[in-house]
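# Chains, contacts and geometry: an overview
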Amino acid sequence: MSGNGVPAIVRLQAPEAVEAQRAPKYRRYVVDHRASGSILSVTYSLDSSVVIAGFASGEIVQWSTITEKCKMFKRHYGAVQTLDISPNPDDSRVISGGADGMLYRWALRNEGKAESIAGHLRTVWMVRHSPDGKYFASCSADCTVRLWDDLTAQSVAVFNQHKASVTCVQFSRNGLLASGGWDNDVVIFNVASRQAVHHLRGHTARVTHIAFTPSGDLLASASSDCAVRVWSPSTGECYDKFEVHEGDVSHVGLSAGTLVSCSADGTIWRMDIKNERPPDHPVRIHTAPIAALAFSPDESVTATVSHDGSAALWDTATLNNICRFIEPGHSPITCCVFDPDGTKLVTGGKAGKLIVWDLMPQIAATKQKRTSCVIS
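For the structure given in this document, a descriptive report is provided here. (Residues numbered from 1 in each chain as written. Predicted model: local features only at pLDDT ≥ 70, side-chain atom pairs only at ≥ 80, totals over all residues. Heavy atoms only, no water.)

A word on unusual backbone geometry. Phi at Cys143 is positive, roughly 75 degrees, even though this residue is not glycine. In the Ramachandran plot, Leu319 falls in the positive-phi region, its phi being about 65 degrees despite a non-glycine side chain. Looking at where Leu319 falls in the secondary structure, it is placed in the loop between β29 (310-315) and β30 (321-326). (Helix = DSSP H or I, 4+ residues; strand = E, 2+ residues; numbered from the N terminus.)

Okay, here's the thing in structure tokens:
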């Protein structure tokens, strides 16, 4: 522990040294598109055939991994803040949400045909589908969470429990929906009854991200108060609070047995929650705030992307750094997603560069290696 009670940060070797050790064994493809502005959101089709990116300009780009050709569409009158693909294998549609308060549902195989979905009055920050594909939920700067029927795209519930902008929503696999917002609170809803069941208070600054375990038995919340909290969705009890970061916690992830978070202080942190072991030290390889993290489909690898223009891969079980990629031009990277089979990572950033990284050569060569480090 450091003198102020915060766990000491494990500092990996200087990025330049790491890069020198790891000669470019990976392959990358920079997507050639004509959209303008920053990329704010990115997702993959379930069959890995299409990458979809949302831009601050309001444009949406669909890039075919088969033909390597792009299609560009625009319906939003403002930034595309969020994208989410339907989990139904027979439904090749993606929903976008934007700064204009609108949702659009896009048919990927129908030349950009989009169905408009109105309801929110201000920016839509996030949209997510339920695991069974029957519903999707959206949250907005209008302080509401909306539940929608996926078949009809009709709003079936509007939740008004938050007192400020609602920035994140997530479904569990056992019928719950959670939301977090700028009022510092997390609210849990029962999807079947369409009622709020728990109002979770404890954070002292805005909630930035939330995540359920695959089983739905735990919920983690990240906040600008530099803390990560772990809750019981069934009782509303706060199991634990971790203050391991020195900056806003930007993202949190929960696998079956591991809690991972990343922060504006450039660090990533993990804890083995399955075996209740003491928390690890935060680890730093990025030199600027980490914008997001993502798990590979099998949860064995965690990716982080940073404003320093790099993406890093980590062994989820050990937090050993696998490799670090540098975006050409070193412009900030803001979002990332793995393809459905976990062999590629797509990143998007402020320079508008959409990059597909082939991960297999690097993972095969380095996953078993430990990166040397110094405790400071």
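Now that the structure has been shown, we can carry on.
By the secondary structure assignment, His203 is in the loop between β18 (195-200) and β19 (207-212). Looking at His203, the relative accessible area reads 7%, which means it is buried. At a separation of 2.7 Å, a polar atom in the side chain of His203 contacts the side chain of Ser221. Within the local environment of His203, its side chain forms a polar contact with the side chain of Asp225, the two groups lying 3.0 Å apart. Setting aside residues no more than four positions away along its own chain, His203 makes contact with Asn184, Ser221, Ser223, Asp225, Ala227, Arg229 and Trp231. (Buried < 20%, exposed > 50% of the residue type's maximum accessible area, 1.4 Å probe, protein only. Polar contact = N/O pair within 3.5 Å; in protein donor to acceptor, adjacent residues only side chain to side chain. Contact = heavy atoms within 4.5 Å.)

It is worth spelling out the packing of aromatic side chains at this point. Using the criterion set out here, one finds seven aromatic pairs in the structure. Considering the side-chain rings of Phe325 and Trp357, the 4.9 Å spacing of their centres and the 10 degrees angle between planes classify their relative orientation as stacked. In this pair, Phe325 sits in strand β30 while Trp357 sits in strand β33 (residues 354-358), placing the two residues 32 residues apart along the sequence. By relative accessible area, which is 0% here, Phe325 ends up buried. (Phe/Tyr/Trp six-rings, centres within 6.5 Å; stacked < 30°, edge-to-face > 60°.)

With that settled, the discussion passes to the environment of Asn110. Locating Asn110 in the fold gives a position in the loop between β9 (103-107) and β10 (114-117). You can call Asn110 partly exposed: its relative accessible area is 39%. Sequence separation of Asn110 and Ser92 is 18 residues, and the distance between their C-alpha atoms is 9.6 Å.

The strands making up a sheet associate through hydrogen bonds between their backbones, and the pairing can be parallel or antiparallel. Strand order in the open sheet formed by four strands is β7-β8-β9-β10, with antiparallel pairing between adjacent strands. Two strands bound the open sheet, and with one partner strand each, they are β7 (80-85) and β10. If you compare each strand with its neighbour and ignore which way they point, the axes differ by 20 degrees on average. (Pairing = 2+ DSSP bridges. Axes fitted to C-alpha atoms, helices over the stretch in contact; angles between N-to-C directions.)

It is worth spelling out the pattern of salt bridges at this point. Within this structure, the stated rule accounts for six salt bridges. The partner of Asp185 in a salt bridge is Arg201, with the nearest N and O atoms 3.6 Å apart. Here Asp185, found in the loop between β16 (176-181) and β17 (186-190), pairs with Arg201, found in the loop between β18 and β19; they are 16 residues apart in sequence, far enough to count as distant. Here Arg201 falls in the exposed class, since its relative accessible area comes to 56%. (Salt bridge = Lys/Arg side-chain N within 4 Å of Asp/Glu carboxyl O.)

A word on empty space enclosed by the protein. Applying the stated criterion across every chain, the model contains one cavity of 30 Å³ or more. Together, Glu327, Ser331, Pro332, Ile333, Thr347, Gly348, Gly349, Ala351, Lys353 and Ile355 line the largest cavity. For the lining of the largest cavity, a count of residues per class yields four nonpolar, four polar and two charged. (1 Å grid on protein atoms, 1.4 Å probe; cavity = no way out; pocket = protein on both sides within 12 Å on 5 of 7 lines; lining within 4 Å. Points joined across faces, edges and corners; volume = space filled by probe spheres on them. Nonpolar A, V, L, I, M, F, W, Y, C, P; charged D, E, K, R; others polar.)

The next thing to look at is the sheet that holds strand β15 (residues 166-171). The four strands are arranged β15-β16-β17-β18 in an open sheet whose pairing can be described as antiparallel. Lying at the two open borders of the sheet, with one neighbouring strand each, are β15 and β18. Strand-to-strand twist across the sheet, computed as the mean angle between neighbouring axes with direction ignored, equals 20 degrees. By the bridge criterion, five bridges tie β17 to β18 in an arrangement that is antiparallel. The partner of Asn190 across the bridge, within β18, is Gln195.

What follows deals with the side chain of Ser45. Its place among the elements puts Ser45 in the loop between β3 (39-44) and β4 (50-55). Reaching out from Ser45, the side chain makes a polar contact with the side chain of Asp47 at a distance of 2.8 Å. When sequence neighbours within four positions are dropped, the list of residues in contact with Ser45 reads Val50, Ile52, Ile85, Leu108 and Pro340.

For strand β5 (residues 59-64) and strand β6 (residues 70-74), the ladder comprises five bridges, and the chain directions are antiparallel. Note that in β6 the partner of Glu59 across the bridge is Lys74. Hairpin connection, β5 to β6: the antiparallel pair is bridged by five residues, and Glu68 has positive phi, about 60 degrees.

This part is about the nonpolar core. Core analysis: the largest hydrophobic core is formed by 26 residues, its most contacted members being Val145, Leu147, Phe159, Phe171, Leu177, Ile210 and Leu219. Elements represented by at least two residues in this core include exactly β12 (135-140), β13 (145-149), β14 (155-159), β15, β16, β17 and β19. If you look at the next biggest cluster of nonpolar residues, it comprises 17 residues, including Ala303, Ile322, Ile333 and Ile355. (Core = buried A, V, L, I, M, F, W, Y, C linked by side-chain atoms within 4.5 Å.)

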